[in-house]
Amino acid sequence: MKTSPSQINLDTSPKEILKMVAKSRERKGKGKSTLAILNKAIDVIHDYIVNLYFERAHVYQLVYMAERDKPRGGNKAVMRKALSSMEKYLSETDNYIVSSNLTRWTSRLNRYYGRVADYKGKFLDAIKFYQVAIRYSRRDPEYVNDSCPRWLE
């Protein structure tokens, strides 16, 4: 088993990460490399948590869209509740991102805020959010890791 930070990503199991840390930690003079593994693991765990936060908001976005797309516009109360929940979970996501200094997620967060503003009919606010999203899109993990051009959405 390798003990390199580059081997750690969202597909690496927590058990594997802990084994890597233990193996590196027990090798004499490997304190720096052990810390590098730990720092990379913590970064990956942050990304995992941010993705879970976004998924929670996304579920409510899908509820909103499904209701909106029903004949005659669907149930407005269900749409309001879904949008309110989406906003609530985006706020929690925002707090986590800011408190953990995870600026690489700024673009994605602003895209979601732009969608909320769109759904509310606040199009000038939506434009502002989308402009911030575009400005930070090259820092988004999907662009950095997979070259997925998020500014085209």
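Residues numbered from 1 in each chain as written. Predicted model: local features only at pLDDT ≥ 70, side-chain atom pairs only at ≥ 80, totals over all residues. Heavy atoms only, no water.

Participant: Please clarify how the nonpolar core should be interpreted in this entry.
Facilitator: Inside soluble globular proteins, nonpolar side chains tend to come together where they are buried. By size, the foremost hydrophobic cluster in this structure holds 19 residues, and its most contacted members are Val50, Phe54, Met86, Leu90 and Ile97. Where this core is concerned, the elements lending two or more residues are helix H2 (31–68), helix H3 (76–99) and helix H4 (106–119). Counting residues per element, this core draws most heavily on H3, which supplies eight residues. Of all hydrophobic cores here, the second largest spans seven residues; its members include Ile8, Met20, Val21 and Ala41. (Core = buried A, V, L, I, M, F, W, Y, C linked by side-chain atoms within 4.5 Å. Buried < 20%, exposed > 50% of the residue type's maximum accessible area, 1.4 Å probe, protein only. Helix = DSSP H or I, 4+ residues; strand = E, 2+ residues; numbered from the N terminus.)

Participant: Help me understand unusual backbone geometry, please; the structure alone is not making it clear to me.
Facilitator: What is expected of a backbone is that most residues other than glycine have negative phi and most peptide bonds are trans. Phi is positive for Arg72, close to 65°, though the residue is something other than glycine. The residue Asn101 is not glycine, and still its phi comes out positive at about 55°.

Participant: Can you help me understand the pattern of salt bridges in this one?
Facilitator: It is possible for side chains bearing opposite charge to pair when their charged atoms get close. Tallied over the entire structure, the rule returns nine salt bridges. A salt bridge links Arg104 to Asp43, with the shortest nitrogen-to-oxygen separation between them at 3.4 Å. Of this pair, Arg104 sits in the loop between H3 and H4 while Asp43 sits in helix H2, and the two are 61 residues apart along the sequence. Look at Asp43 and you get partly exposed, because its relative accessible area is 34%. Between Arg108 and Glu142 there is a salt bridge, with its nearest N and O atoms 3.8 Å apart. In this pair, Arg108 sits in helix H4 while Glu142 sits in helix H6 (residues 141–146), placing the two residues 34 residues apart along the sequence. Because the salt bridges share partners, they merge into one network encompassing Asp43, Asp47 and Arg104. (Salt bridge = Lys/Arg side-chain N within 4 Å of Asp/Glu carboxyl O.)

Participant: Teacher, can you tell me more about the side chain of Asp47 here?
Facilitator: Residue position: Asp47 is located in helix H2. Setting aside residues no more than four positions away along its own chain, Asp47 makes contact with Leu10, Arg104 and Trp105. (Contact = heavy atoms within 4.5 Å.)

Participant: What exactly am I supposed to notice about the packing of H3 against H4 here?
Facilitator: For any two helices packed against each other, one specifies the inter-axial angle together with the distance between the axes. Contact pair H3 / H4: the axes reach a minimum separation of 11 Å and the direction vectors enclose 155°. By the angle between their directions, the pair H3 and H4 is classed as roughly antiparallel. The hand of the H3/H4 crossing is left-handed. Contact with H3, carried on its side by Leu83, Met86, Glu87, Leu90, Ser91, Thr93, Asp94 and Ile97, involves Leu109, Tyr112, Tyr113, Arg115, Val116 and Tyr119 of H4 and no other residues of that element. (Axes fitted to C-alpha atoms, helices over the stretch in contact; angles between N-to-C directions. Parallel < 35°, antiparallel > 145°, perpendicular 65-115°, else oblique. Left-handed = near helix turned anticlockwise from the far one by under 90°.)

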